[in-house]
Amino acid sequence: IEGHERAETYFSSELETALARFEDKITRIEVYFGDENGEKFSLKDKKCLIEVRSAKLQPIVVTEHAESVEKAFRGALTKIKKTLETTFEKLKTN
């Protein structure tokens, strides 16, 4: 999937906003996009994988498939936010 500077700025901004409350716990975020079927048409063939690293934990990875890169990103962002909330909440109680 081709990337453009405008798209990169948009995705980075969305990540910063959505995960701002975890910024002191996160050391690195990587986002990967893919097209599962290349030139062939298929529903939900766009993929977004978000990997978050924290100093004290194993990497946390979520994946979302959708019909567009933007929808796949939104779905993965929602998943990673919920996963981080659950993970860090559990750490607080231990």
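Everything in this summary refers to the structure shown in the same document. (Residues numbered from 1 in each chain as written. Predicted model: local features only at pLDDT ≥ 70, side-chain atom pairs only at ≥ 80, totals over all residues. Heavy atoms only, no water.)

### What to know about the pattern of salt bridges
Move 1: Across all of its chains, the model carries 10 salt bridges by this definition.
Move 2: Between Lys 79 and Glu 64 there is a salt bridge whose closest N-O contact spans 2.8 Å. Placement of Lys 79 in helix 2 (residues 69–93) and of Glu 64 in strand 3 (residues 60–66) is noted, with a sequence separation of 15 residues between them.
Move 3: Linked through salt bridges whose partners overlap, the residues forming this network are Asp 35, Asp 45 and Lys 46. (Salt bridge = Lys/Arg side-chain N within 4 Å of Asp/Glu carboxyl O. Helix = DSSP H or I, 4+ residues; strand = E, 2+ residues; numbered from the N terminus.)

### Looking at the pairing of strand 2 (residues 46–54)
Move 1: Most of strand 2 sits out of view: 7 of its 9 residues are buried.
Move 2: Pairing of strand 1 (residues 26–35) with strand 2, which is carried by 9 bridges, proceeds in the antiparallel orientation. Looking at the pairing, Glu 30 lines up with Glu 51 of strand 2.
Move 3: Here 7 bridges tie strand 2 to strand 3, and the two strands are oriented antiparallel to one another. The residue of strand 3 that forms the bridge with Lys 46 is Ala 66. (Buried < 20%, exposed > 50% of the residue type's maximum accessible area, 1.4 Å probe, protein only. Pairing = 2+ DSSP bridges.)

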